[in-house]
Amino acid sequence: MIKPIQIHIALGLLLLAAFGTLPVSAETNLIQDGGFELELVEPGDFKLGLAAYGAWTSPIPGDCAGSTEILGLPLPHALGVLGEYPLAAYEGDEAMNLGPCFGRGSVSQVFTTTVGARYHASLAVIGGTVTATVFNAGQTDLKADFVAPEGNVCGTDSHEFTATHTTTTIIVQNTSPRTSTCCAPTIDDVRIFSVVPGLK
């Protein structure tokens, strides 16, 4: 027979476990193919100028300047970070380069949101600066820069926004100043997830 004190201890442990692992955010990523794991290229190779990469679209397919390319990682050289070898993966085996030929490449994706709900947008970037804009037909909900650290190192950041429409678009674009050491950023692990109400 289970004693009442054993029941209380068990319940207490369950509560501690539950609250000890309670997430700050609901970790269901609203972005499809946020890690660009599309099996399009082998490590060390790339595929340039597609109109779509999984759920992502690219506005200037085919052309080098202003286009985009999927990278198979690790690469033997770091695009946009001169003299640093190799370009390693942040996560997985593929990532998206937004600066082929040092152009202003971008990728975008439409996703579903709830009006008035709060969300976090995050990504990893290496080799420069990208600007993520989250918007709908009537309003821009977020415009934020993601800046890589100096050297061949990925930087990560997150920004919060409140959705104003049920259909929302994110576009991530190369906005790096052209210098001798950066202007062709690569992004990975793009995430948008809802914030749990009542938690900060």
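Placed above this text is the structure.
Here goes a summary of the coordinates provided. Quick caveat, the model's predicted, so the values are computed rather than measured. (Residues numbered from 1 in each chain as written. Predicted model: local features only at pLDDT ≥ 70, side-chain atom pairs only at ≥ 80, totals over all residues. Heavy atoms only, no water.)

Section: unusual backbone geometry
The cut-off we apply is this: Under the DSSP-based scheme used, a helix requires at least four consecutive residues in state H or I and a strand at least two consecutive residues in state E, with every element numbered from the N terminus. Only protein chains enter the accessibility calculation, which uses a 1.4 Å probe; a residue whose area is less than 20% of its type maximum is buried, one above 50% is exposed, and one in between is partly exposed.
Here the residue pair L73 and P74 is connected by a cis peptide bond, since its omega of 0° sits within 30 degrees of zero. In this model, D33 sits at a positive phi of 60°, which is unusual for a non-glycine residue. Looking at where D33 falls in the secondary structure, it is placed in the loop between helix 1 (4-20) and strand 1 (46-48). You can call D33 partly exposed: its relative accessible area is 29%. Residues other than glycine seldom take positive phi values, yet F102 does so here, at roughly 60°. What makes F102 partly exposed here is its relative accessible area of 40%.

What to know about the environment of S158
Locating S158 in the fold gives a position in strand 10 (residues 155-162). With a relative accessible area of 38%, S158 lands in the partly exposed category. With 35 residues separating them along the chain, S158 and L123 place their C-alpha atoms 7.0 Å apart.

What to know about the packing of aromatic side chains
Formally: Ring geometry is summarised as follows: Phe, Tyr and Trp rings, the Trp one being its six-membered ring, pair when their centres sit within 6.5 Å, and such pairs are stacked at plane angles under 30 degrees, edge-to-face over 60 and tilted between the two.
Counted under the stated rule, the structure contains two aromatic pairs. Where Y119 meets F161, the ring centres are 5.5 Å apart and the plane angle is 20°; that geometry is what we call stacked. Note that Y119 is positioned in strand 7 (residues 118-126) and F161 in strand 10, a separation of 42 residues in sequence. With a relative accessible area of 5%, Y119 lands in the buried category. Given the relative accessible area of 3%, F161 is considered buried.

Structural notes on the environment of L123
The cut-off we apply is this: Contacts between residues were defined by any pair of non-hydrogen atoms, one from each residue, lying within 4.5 Å.
Note that L123 resides in strand 7. You can call L123 buried: its relative accessible area is 4%. Apart from the residues lying within four places of it in its own chain, the contact partners of L123 are V130, F146, G155, T156, D157, V172, I187, D188, D189 and V190.

Section: empty space enclosed by the protein
Any space left empty among the atoms is revealed by the rolling of a water-sized probe across them. Heads up, the rule is: Here the term cavity refers to a set of points on a 1 Å grid, laid over the protein atoms alone, in which a 1.4 Å probe fits but cannot get out; the term pocket refers to an open set having protein on both sides within 12 Å along at least five of seven lines, with lining residues being those that place an atom within 4 Å of a point. Grid points are joined across faces, edges and corners, and a volume is the space filled by probe spheres set on the points.
This model, assessed by the stated rule, comprises one cavity of 30 Å³ or more. Taken as a whole, the largest cavity spans an internal volume of roughly 40 Å³. Along the walls of the largest cavity sit L73, L87, A88, Y90, A95, I126, C154, T186, I187 and D188, which together make up its complete lining. No other element matches strand 12 (residues 186-194), which puts three residues into the lining of the largest cavity.

Side note on the pairing of strand 8 (residues 129-135)
Operational definition: Each pair of strands is called paired provided DSSP finds at least two bridges between the two strands.
Where burial is concerned, most of strand 8 is hidden: six out of the seven residues are buried. Two strands pair when backbone bridges link them, and strand 8 and strand 9 (residues 140-147) are joined in this way by seven bridges, in the antiparallel orientation. Within the sheet, the bridge partner assigned to A132 lies in strand 9 and is A144. Taken together, strand 8 and the strand that follows it, strand 9, pair antiparallel across an intervening segment of four residues.

Topic: the state of the cysteines
What counts here: Here, two cysteine sulfur atoms that lie within 2.5 Å of each other are counted as a disulfide.
The tally for this structure, following the rule as stated, stands at one disulfide. Two residues, C64 and C101, share a disulfide whose sulfurs are 1.6 Å apart. Residues C64 and C101 are joined by a disulfide whose S-S torsion is about 90°; by sign, that bridge is right-handed. Here C64, found in the loop between strand 3 (56-57) and strand 4 (69-72), pairs with C101, found in the loop between strand 5 (94-97) and strand 6 (106-112); they are 37 residues apart in sequence, far enough to count as distant. C64 sits in the partly exposed class, given a relative accessible area of 22%. Taking the relative accessible area as the measure of exposure, C101 reaches 45% and is therefore partly exposed.

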